[in-house]
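So you can see what is in the structure, the chains are spelled out below.
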Amino acid sequence: MKKVCILSAVNIKHMSLISLYTEKLKSWGIDFDIIYMDKYGEDEFFPAKHKYVYTNIVNPKLPKYIRGLKYFKFISFAKRILEENEYDFIIVWNDVAIFLLGTYLAKHWKGKYCLNIRDYCHQKFKPIYNIFKKAIENSAFTTLSSPGYEKFLPQYDYIHMNSLNEEVLKKCTVRQGLRDPKEKIRLTFVGNVRFLEINRRLLQIFKNDDRFELHFYGTHAEILEEFAKENEIKNAVFGGSFPVEDTYKYIDKIDIVNNLYGHGNLSVDFALSIKLYYAVYCKVPILVEPGTYMEQITKQYGIGFVVDELTDDLNDRLYSWYRNLDFDMIKIKTDIALKDILANNKKFESVLQDEVMEN
């Protein structure tokens, strides 16, 4: 029996796309373990045979060197488990795990692991670039969540793995038209609520506009909820952290996807947000930042509204744009996009199967 391990430096709830791997492993009759870092002190469900949890509760009041030291202790924790269990194949999830363990994996597990690169992790800095280069070159294969990342990564034959989670999205309602003009348009954020200043500004711009309702669902949404209460903003709805399997419930509350993260830095400019796939699959428009890879892609599909500035008239401009959308054209373009996305992910699945079965 093949022994497979998923290695991650984030909580399970921030690994929504790991099902692209786990569902395939289960369908092939392969058990798997998981090693991950728990930053919240939560007992999270995961369909692994064994869970190895490294607890590292985030305390922003601690000095940076203390917080950094706790991250580096994860290295010895993970090494011990990997070596004790002698896995046949390791699936490395996210860039922090690659940074922490990439050199070790390249030396001791050459050709017996794959990497999943999902973010910019300061690869512009030579020492970090070298860790990634070594880890990538010695991997069985490496996937990217966005082709845009090739701008700052070593040259390599990457596989583009689209962040479309069919297990979540197949439960969602695919739209058959735009929101009725008599109803409020729901501008919705689903996920880990960061970039709080941008969202506070959105709440101010759309404050008590009876054409819109702003929704925020996910970790840290309570911070925005408190802001809304303090500023007497009545047209906003909030919900806190939720399990991955409930994601569809909140995607169904979307009329326009809130995908505003700022722009002008590598962390966001070349990314393809998971929210792109919510928009494409469910056929809803999406807010995007100017000069980003997201702008480029969503323009092709006819679903992207570019927010150049968070000006006071954004609500009026967005309302006018939404009401003039051609839904039939959106359906045609997103159907074509979805077909391409699914075909691309089939390639990833084929490579994963070959490597797991071979090792």
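Structure: see above.
Conventions used here
- Residues numbered from 1 in each chain as written.
- Predicted model: local features only at pLDDT ≥ 70, side-chain atom pairs only at ≥ 80, totals over all residues.
- Heavy atoms only, no water.
- Helix = DSSP H or I, 4+ residues; strand = E, 2+ residues; numbered from the N terminus.
- Rg over C-alpha atoms; globule rule 2.2 N^0.38 Å.
- Buried < 20%, exposed > 50% of the residue type's maximum accessible area, 1.4 Å probe, protein only.
- Contact = heavy atoms within 4.5 Å.
- Areas by Shrake-Rupley, 256 points an atom, 1.4 Å probe, with all protein chains shown as cover.
- Lys, Arg positive; Asp, Glu negative; His and termini not counted.
- Charge placed at Lys NZ, Arg CZ, Asp CG, Glu CD.
- Polar contact = N/O pair within 3.5 Å; in protein donor to acceptor, adjacent residues only side chain to side chain.
- 1 Å grid on protein atoms, 1.4 Å probe; cavity = no way out; pocket = protein on both sides within 12 Å on 5 of 7 lines; lining within 4 Å.
- Points joined across faces, edges and corners; volume = space filled by probe spheres on them.
- Nonpolar A, V, L, I, M, F, W, Y, C, P; charged D, E, K, R; others polar.
- Phe/Tyr/Trp six-rings, centres within 6.5 Å; stacked < 30°, edge-to-face > 60°.
- Lys NZ or Arg CZ within 6 Å of the ring centre and 35° of its normal.
- Core = buried A, V, L, I, M, F, W, Y, C linked by side-chain atoms within 4.5 Å.
- Pairing = 2+ DSSP bridges.
- Right-handed = clockwise from strand over helix to strand, strands pointing away.

## Observations concerning the overall build of the protein chain
If you tally the helices and strands in the protein chain, you get 13 helices and 13 strands. In terms of overall dimensions, the protein chain is globule-like: its C-alpha atoms have a radius of gyration of 21 Å, near the 21 Å expected for 359 residues. If you line up the protein chain on its principal axes, its C-alpha atoms span 60 × 45 × 35 Å. Taken over 359 residues, the protein chain has a buried fraction of 53%. Pairs at least 24 residues apart make up 68% of the contacts formed inside the protein chain by residues separated by at least 6 positions. With the model as given, the accessible surface of the protein chain reaches about 16500 Å², and the carbon-plus-sulfur share is 50%. Averaging the locations of the 50 positively and 49 negatively charged side chains of the protein chain gives two centres separated by 3 Å.

## Focus: the side chain of Asn-199
Mapped onto the fold, Asn-199 is located in helix α6 (residues 196–205). Accessibility expressed as a relative area gives 0% for Asn-199, which makes it buried. Polar side-chain contacts of Asn-199 include one of 3.3 Å to the backbone oxygen of Phe-195. Residues within four places of Asn-199 in sequence aside, it is in contact with Val-193, Arg-194, Phe-216, Leu-224 and Asn-258.

## Regarding the layout of surface pockets
Empty space within the second largest pocket amounts to approximately 470 Å³. Along its surface, the second largest pocket is lined by 24 residues, and Ile-12, Phe-45, Pro-47, Val-244 and Glu-245 are the ones closest to its centre. Elements with a contribution of two residues or more to the lining of the second largest pocket: α1 (19–27) and α5 (166–169). Among the elements that make up the lining of the second largest pocket, the one with the highest residue count is α1 (4 residues). Within the lining of the second largest pocket, the residues separate by chemical class into 10 nonpolar, 5 polar and 9 charged.

## Description of the packing of aromatic side chains
Evaluation of the coordinates by the stated rule reveals 20 aromatic pairs. When the ring of Phe-141 is compared with that of Phe-348, the centres are 6.4 Å apart and the planes differ by 65°; the resulting orientation is edge-to-face. Remark: Phe-348 occurs in helix α13 (residues 327–358) and Phe-141 occurs in strand β6 (residues 141–144); sequence separation between them is 207 residues. In this structure, Phe-141 and Phe-348 share a single accessibility class: buried. Every member of this aromatic cluster is reached through a ring pair, and the members are Tyr-21, Trp-93, Phe-141 and Phe-348. Stacked on the ring of Tyr-87, the Lys or Arg Lys-3 has its end atom at 5.8 Å from the ring centre. Positioned above the aromatic ring of Tyr-319 is the side chain of Arg-211, whose terminal nitrogen or guanidinium carbon lies 4.9 Å from the ring centre.

## A short note on the nonpolar core
Ranked by internal contacts, the top residues of the largest apolar core, which has 63 residues, are Leu-203, Phe-206 and Leu-214. For this core, the leading source of residues is helix α10 (residues 274–282), giving 7 residues. The residues contacting Leu-203, other than those within four sequence positions of it, are Leu-214, Phe-216, Leu-224, Phe-227, Ile-233, Ala-236 and Phe-238. Counting residues in hydrophobic clusters, the runner-up holds 38 residues, among them Ala-9, Phe-77, Ala-97 and Tyr-158.

## A look at the environment of Glu-295
By the element assignment, Glu-295 lies in helix α11 (residues 293–301). Classification of Glu-295 by relative accessible area gives buried; the value is 15%. Not counting chain neighbours up to four residues away, the residues in contact with Glu-295 comprise Val-288, Glu-289, Pro-290 and Val-306. For Glu-295, the side chain forms a polar contact with the main-chain nitrogen of Gly-291, separated by 2.6 Å.

## Structural notes on α6
The set of residues buried in α6 consists of Ile-198, Asn-199, Arg-200, Leu-202, Leu-203 and Ile-205. Of the surrounding secondary structure, the elements contacted by the buried residues of α6 are β9 (212–217), α7 (221–230), β10 (236–239) and α12 (314–323).

## Things to note about the pairing of strand β1 (residues 4–8)
With respect to burial, β1 is a largely interior element, 5 of its 5 residues being buried. The two faces of β1 match: Val-4, Ile-6 and Ser-8 on one face and Cys-5 and Leu-7 on the other face are all buried. Pairing between β1 and strand β2 (residues 32–38): 4 bridges, direction parallel. Across the sheet, residue Val-4 finds its bridge partner in β2, namely Phe-32. Running through α1, the crossover from β1 to the neighbouring parallel element β2 is right-handed.

## Brief notes about unusual backbone geometry
The residue Phe-195 is not glycine, and still its phi comes out positive at about 35°. Residue position: Phe-195 is located in the loop between β8 (185–190) and α6. Residue classification places Phe-195 among the partly exposed positions, given a relative accessible area of 29%. The backbone phi angle of Glu-232 is positive, close to 55°, even though this residue is not glycine. Inspection of the secondary structure puts Glu-232 in the loop between α7 and β10. In this structure Glu-232 comes out as exposed when scored by relative accessible area, which is 54%.

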